Amino acid sequence: MPLISMRPLLKQAQAGKYGVAAYNMIDYNSARSIIEGAAQLEAPVIVQVSVKTVKHWGYKPVAGWVRMLADTVDVPVALHLDHCNDIEVIKRCIDAGWTSVMFDGSALPFQQNLAKSLEVYKLTEAAGIGLEAEMGAIGGVEDDKFVAEDKALLANFDECVAFCKEMPKLAVFAPAIGTAHGFYKGEPKIAYDLLAKITSAIDIPIALHGGTGLNQEQFDRCIAGGCAKVNISTMHKHCFIDGFVKLKQEKPKLEEPLPFIQSQYEAMKADVMSMIRAFGSDRKAPAAKATMAAQ
Ligand SMILES: [Zn+2]
């Protein structure tokens, strides 16, 4: 299928109370594991890319790989830019064929975040693609941005309402609700009450950042509470490296590169498939496609 915007995908997920897996791709092999894992389970999926990864490979190669892989499967795939605070990078992604982007103005004071997010909202609306915007400060490391645990701030409810009112067609909203990027050191303290308050006031699907390391009960509660996009990055990176290292340990004399690539692929794909099942989006592609076709 051609790449599609994240917005109808996530509206469907919000209505159906399931979560769409949003995996941070690393290279072609990783994008292939995400898209083919989703296809095998008939699940809609989001392939997202960090700014660092886009800059490493280049805009056109990344868009080209994902578009080509999506064309070979029969499930909806969106290509999304993860956490970005640089409008020039966003413009280049839009030109290269991204079907959604995230503007992360969470480090800015409220009014500046709103003004810049609105600027990007106009760009994404004109391009007919989806936008994700963030409020509050999600803890942990994302690209080169580090938010210490004591600096991570839950989103302010009144600001969330005022913010989303200005952008009714936001594809997905990312309020900080206590989850963090990276591996959790202790038990994450998820603010379910804040999530419930936000979703009762705002009819926009919610993004759950920092999905790696949450347990099934936490996923279930967040998804039932309105989280329609669940981000996984850290575990995918771990599988990428582990898939390689494990084979090298098992067969230290193996010099052929392809078995290593296959081993990485299998490790990443197994994790993608297990998370898709955990989020309840397996077998959801046929209904999502039918509804989108009818709209
Ligand atoms: Zn994030």
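Everything below is about the structure shown above.
The rules behind each value
Note that residues are indexed from 1 along each chain, following the sequence as it is written. Two thresholds apply to this predicted model, a pLDDT of at least 70 for residue-level local features and 80 or more for giving and counting side-chain atom pairs, whereas whole-chain, interface and lining totals are computed over all residues. The side-chain numbers reported here are obtained from all heavy atoms of the structure, hydrogens and water having been left aside. By the criteria applied, helices consist of DSSP H or I runs no shorter than four residues and strands consist of E runs no shorter than two, each listed in order from the N terminus. In this scheme, a residue with accessible area under 20% of its type's maximum is buried, one over 50% is exposed, and one in between is partly exposed, where area comes from a 1.4 Å probe on protein chains only. Asp and Glu count as negative and Lys and Arg as positive, but His and the ends of the chain are not part of the count. Salt bridges are defined as contacts in which a side-chain nitrogen from Lys or Arg sits within 4 Å of a carboxyl oxygen from Asp or Glu. Polar contacts, as used here, are pairs of N or O atoms within 3.5 Å; protein pairs need one atom able to donate a hydrogen and one able to accept it. Residues neighboring in sequence count only if both atoms are side-chain atoms. By definition, residues are in contact when any of their heavy atoms lie within 4.5 Å. Ligating atoms shown are N, O and S within 2.8 Å of the metal, or 3.2 Å for Na, K and Ca, and water is not included, meaning a site may look less than complete. Pairing between strands is defined by DSSP: at least two bridges between the two strands are required. A right-handed crossover is one whose linking path, passing over the helix from the first strand to the second, runs clockwise when the strands point away from the viewer.

S.K.: Which residues make up the side chain of Asp82, and what are the values?
M.R.: Here Asp82 lies in strand S3 (residues 77-84). In this structure Asp82 is buried but unpaired, with Lys229 as the nearest side chain of opposite charge at 5.0 Å. A distance of 3.1 Å separates polar atoms of two side chains, one belonging to Asp82 and the other to Asn24. Filtering out sequence-adjacent residues up to four positions away, Asp82 remains in contact with Asn24, Gln48, Val49, Ser50, Val51, Met102, Glu142, His209 and Asn231.

S.K.: So, the coordination of the zinc ion: which residues are in play, and what are the values?
M.R.: For the zinc ion, the protein coordination sphere consists of His83 (NE2), His181 (NE2) and His209 (ND1), at 2.0 to 2.1 Å. Sequence spacing of the donor residues for the zinc ion, all on one chain, is H-x97-H-x27-H. Of this pair, His83 sits in strand S3 while His209 sits in the loop between strand S9 (206-208) and helix H9 (216-224), and the two are 126 residues apart along the sequence. Comparing His83 with His209, the two get one shared label, buried.

S.K.: Before we move on, could you go through the pattern of salt bridges and cite the residues and values that matter?
M.R.: Summed over all chains, the structure comprises seven salt bridges. The partner of Glu36 in a salt bridge is Arg32, with the nearest N and O atoms 3.6 Å apart. Of this pair, Glu36 and Arg32 both sit in helix H2 (residues 28-40), four residues apart, which is roughly one turn of that helix. For Arg32, a relative accessible area of 21% translates into the label partly exposed. With a closest N to O distance of 3.2 Å, Arg283 and Glu42 form a salt bridge. Of the two residues, Arg283 is situated in the loop between helix H11 (257-279) and helix H12 (285-294) and Glu42 in the loop between H2 and strand S2 (45-49); the sequence distance between them amounts to 241 residues. The class for Arg283 is partly exposed, based on a relative accessible area of 47%. A relative accessible area of 33% means that Glu42 is categorised as partly exposed.

S.K.: Summarise the pairing of S3; cite the residues concerned and give the values.
M.R.: The buried fraction of S3 is high, at eight of eight residues. Judged from the five bridges that link them, S2 and S3 form a sheet pairing that is parallel. Pairing of Gln48 across the sheet is with His80, part of S3. Bridge count between S3 and strand S4 (residues 100-103): three bridges; the pairing is parallel. When the sheet's bridge partners are listed, Cys84 is paired in S4 with Phe103. Considered for its hand, the β-α-β crossover made up of S3, helix H5 (residues 87-96) and S4 is right-handed.

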